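Structural features, examined
Below are the chains, spelled out letter by letter.
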Amino acid sequence: ASPLVSEALGALQRHEGPAALEATKRLVEEFPNEPEAQALRLQAVFAAWDHDRSDARRTELEKALAALERADPQHPAVEVSRAYVQSSEGLLREAIARFTGVLARSDLAPDFRADVLRLRGWNKNQTDDTAAALADLEEALRLSPVNAEIFTRLAETLRFAGRLPDALIRARQAVALSPSDPWALVTLGFTLGDLGRAEEAVEQMGKACELTRSQMNCAAYASTLQHA
């Protein structure tokens with residue numbers, strides 16, 4: 001199983017969506033009853049749904065959730081995923097409560113706990129509870145100090161709080177840790193733009209547009225070019 005696991009993990013860490021879907025598909029075909037194989041599959045399917053929230057992707061996500069729940073009914077990734085879906089549907093307080101329930105467990109690995117704190121912190125930020133959001137994100141960073149996604153969410157929260165110099169530091173750290181992460185690039189670009197440094201932001205926005213070809217990121221790139 002080791003080559004399959006390495007391939008799946010590598011594709012997930014590099015944000016290679018199609019490769020991650022294919023690698024995890026083969027992994028669960030070989031080990032259908034192994035919870036961690038199903039958890040990796042869920043991660044890949046979840047990322048695909050997050051990028052393309054079509055009905056087909058949602059059906060695929062529900063199948064992956066059901067498969068993990070069958071393999072391990074107590075696996076925390078099930079509750080975390082359902083909380084994230086609630087968050088995406090605007091049910092922020094319900095999502096926060098669900099994340100809090102997961103964090104009450106005593107069996108979470110530090111990196112997993114950090115990721116749940118990251119998600120809860122971002123939801124708290126969306127409800128304008130900035131102080132609580134920053135507390136969650138700083139604690140997440142303490143538990144997982146090289147997680148680029150935590151740096152990105154922390155940068156966004158600091159940016160929304162008007163703490164632009166601090167946000168810039170965190171955004172640059174996020175990109176340093178994950179140079180091909182479009183969200184980190186966009187966050188750095190927006191922060192530079194807020195600081196009146198649109199010409200510097202062009203490079204970041206351009207990379208994000210090229211990597212994703214998404215309407216949102218390419219529109220942000222166009223706007224940045226205009227301001228520059």
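Just above, that's the structure.
Below or above, wherever it landed, is the structure these notes cover. Not measured: the values here are computed from a predicted model.

The rules behind these values
- Residues numbered from 1 in each chain as written.
- Predicted model: local features only at pLDDT ≥ 70, side-chain atom pairs only at ≥ 80, totals over all residues.
- Heavy atoms only, no water.
- Helix = DSSP H or I, 4+ residues; strand = E, 2+ residues; numbered from the N terminus.
- Rg over C-alpha atoms; globule rule 2.2 N^0.38 Å.
- Buried < 20%, exposed > 50% of the residue type's maximum accessible area, 1.4 Å probe, protein only.
- Expected span 1.5 Å × (residues − 1).
- Contact = heavy atoms within 4.5 Å.
- Polar contact = N/O pair within 3.5 Å; in protein donor to acceptor, adjacent residues only side chain to side chain.

**Details of the overall build of the protein**
Looking only at helices and strands, the protein features 13 helices and 0 strands. Secondary structure elements in the protein, listed N-terminal to C-terminal, are α-α-α-α-α-α-α-α-α-α-α-α-α. In terms of C-alpha radius of gyration, the protein reaches 18 Å, essentially the compact-globule figure of 17 Å for 228 residues. C-alpha atoms of the protein, sized along the principal axes, occupy 55 × 35 × 30 Å.

**Looking at unusual backbone geometry**
The phi torsion at Asp-128 lies on the positive side, around 70°, for a residue other than glycine. Residue placement: Asp-128 occurs in the loop between α7 (110-126) and α8 (130-143). Look at Asp-128 and you get exposed, because its relative accessible area is 67%. Look at Arg-213: it is not a glycine, yet its phi comes out positive at around 55°. Relative to the helices and strands, Arg-213 resides in the loop between α12 (198-212) and α13 (215-227). A residue is classified by how much of its surface remains accessible, and Arg-213, at 64% relative accessible area, is exposed.

**A few points about helix α9 (residues 148-160)**
Within an α-helix, residues lying three or four positions from one another point in the same direction, as the helix has 3.6 residues per turn. With 13 residues, α9 ought to run about 18 Å at 1.5 Å a step, and its terminal C-alpha atoms sit 18 Å apart, in line with that. Burial of α9 is extensive: 11 of the 13 residues sit out of reach of the surface. Turning to α9, its buried residues number three or more, namely Ala-148, Ile-150, Phe-151, Thr-152, Arg-153, Leu-154, Ala-155, Glu-156, Thr-157, Leu-158 and Arg-159. In this structure, the buried residues of α9 make contact with α7, α8, α10 (164-177) and α11 (182-194). For α9, the capping residue at the N-terminal end is Asn-147, with a side-chain oxygen 2.9 Å from the backbone nitrogen of Glu-149.

In short, geometric facts, not functional conclusions.
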